[in-house]
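What follows is the residue order along each chain.
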Amino acid sequence: MMYFLKQIGFLGIMLLSVFGYSQSKAKSYIIQGNEYYQKGKFDNAEFAYKKASMEDPTSVKANYNLGNALFQQKRYKESIAHYKRSAEISKTKNDKHLAYHNLGNAFMQEKDYQNAVDNYKQALKNDPKDDATRYNYALAKKMLEKEREKQKDQNNKSNQNEQNKENQNEQQKQQQNKQNQQNQNNQKQNQNQSQNQQSDQQKQQNQGGNPKAGGENGNNKGQGNDQSPEIKQGNNGDGKEQDNAKNNMGDGLLKALQNQEAKTQRKIIQQKAEKQRTTTSKDW
């Protein structure tokens, strides 16, 4: 990409040297710088122009040409400062036009298209007929429009990415909430199952899991699992009803036999007594 870089000061200084006006140190350094510049020795030219600007800080040519020497070394930011200085101290429209034109060039190299457009516009105000400035101005406007379109696309893309990120975060949040709810439901279900298992175990224990002692005072039967190896009896004779019935029947028979035997004994004694009384009666 080509920018038209303008130069000033060479012919005028040469004429001044012809007329013998080279006594000033600043102008002498400017002449020296111009010679280096024309030979492409831009670093030497820079050194000479800096000496000239130090000798005469108000020299338009010293600041302007120093900006050119820095520009040729691609030190655009440094050149901008000297072009601005030259534009500020210039007295003629031509000098201002040249300073603003090269300012636009330096900003173009820095891809600062807005400042390039502004400075080209200032250059055209001081010389509306300059074709090179009009060309650079149109180019700067085109580059600025492309930059704005690019920035707009980037903003849209950034906004879309941000929206996608928000949607993704919202989906993740919903999934997390759903997972948390599922975990809570599972935990609650597990708790209910555990409670039900404990309740069933408690019921089994209450229904005979462990054998119980017999009823108090011998009135109630002992309770317990049929397979339990030990069943305790009550204090006063626990047992089955059939065993009690057999015992009662045995006692009754024994008493009946005893009564019958006693009755038989009494009968025998009575018979003996009657016999004795009969015999005695006969003797009498």
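Residues numbered from 1 in each chain as written. Predicted model: local features only at pLDDT ≥ 70, side-chain atom pairs only at ≥ 80, totals over all residues. Heavy atoms only, no water.

A.B. asks: How would you sum up the nonpolar core? Please name residues and give values.
C.D. replies: Y83, L103, M108, A116, Y120 and A140 are the most contacted members of the largest nonpolar core, which totals 24 residues. For this core, the secondary structure elements donating two or more residues are α4 (60-72), α5 (76-89), α6 (93-109), α7 (113-126) and α8 (131-209). Leave out the neighbours within four places in its chain, and L103 touches I80, Y83, K84 and N119. Counting nine residues, the second largest nonpolar core, distinct from the first, contains Y37, A45, L66 and A69. (Core = buried A, V, L, I, M, F, W, Y, C linked by side-chain atoms within 4.5 Å. Buried < 20%, exposed > 50% of the residue type's maximum accessible area, 1.4 Å probe, protein only. Helix = DSSP H or I, 4+ residues; strand = E, 2+ residues; numbered from the N terminus. Contact = heavy atoms within 4.5 Å.)

A.B. asks: Lay out unusual backbone geometry in plain terms, naming residues and giving numbers.
C.D. replies: Even without being a glycine, K74 presents a positive backbone phi close to 65°. If you trace the backbone, K74 turns up in the loop between α4 and α5. The backbone of K111 shows a phi angle near 60°, a positive value even though the residue is not glycine. Here K111 lies in the loop between α6 and α7.

A.B. asks: Lay out the packing of helix α2 (residues 25-38) against α4 with the relevant residues and their values.
C.D. replies: Look at α2 against α4: their axes get within 11 Å of each other, and the N-to-C directions meet at 25°. Overall, the two elements α2 and α4 adopt an arrangement that is roughly parallel. For the crossing formed where α2 meets α4, the hand is left-handed. When α2 is examined against α4, the residues I30, N34 and Y37 are found in contact with a partner set consisting of K61, A62, N65, N68, A69 and Q72. (Axes fitted to C-alpha atoms, helices over the stretch in contact; angles between N-to-C directions. Parallel < 35°, antiparallel > 145°, perpendicular 65-115°, else oblique. Left-handed = near helix turned anticlockwise from the far one by under 90°.)

A.B. asks: Can you break down the packing of aromatic side chains residue by residue, with the values?
C.D. replies: Applying the stated rule across the entire model yields three aromatic pairs. Each ring, one from Y37 and one from F42, has its centre 5.2 Å from the other, and the planes form 70°; the classification is edge-to-face. For Y37, a relative accessible area of 9% puts it in the buried group. (Phe/Tyr/Trp six-rings, centres within 6.5 Å; stacked < 30°, edge-to-face > 60°.)

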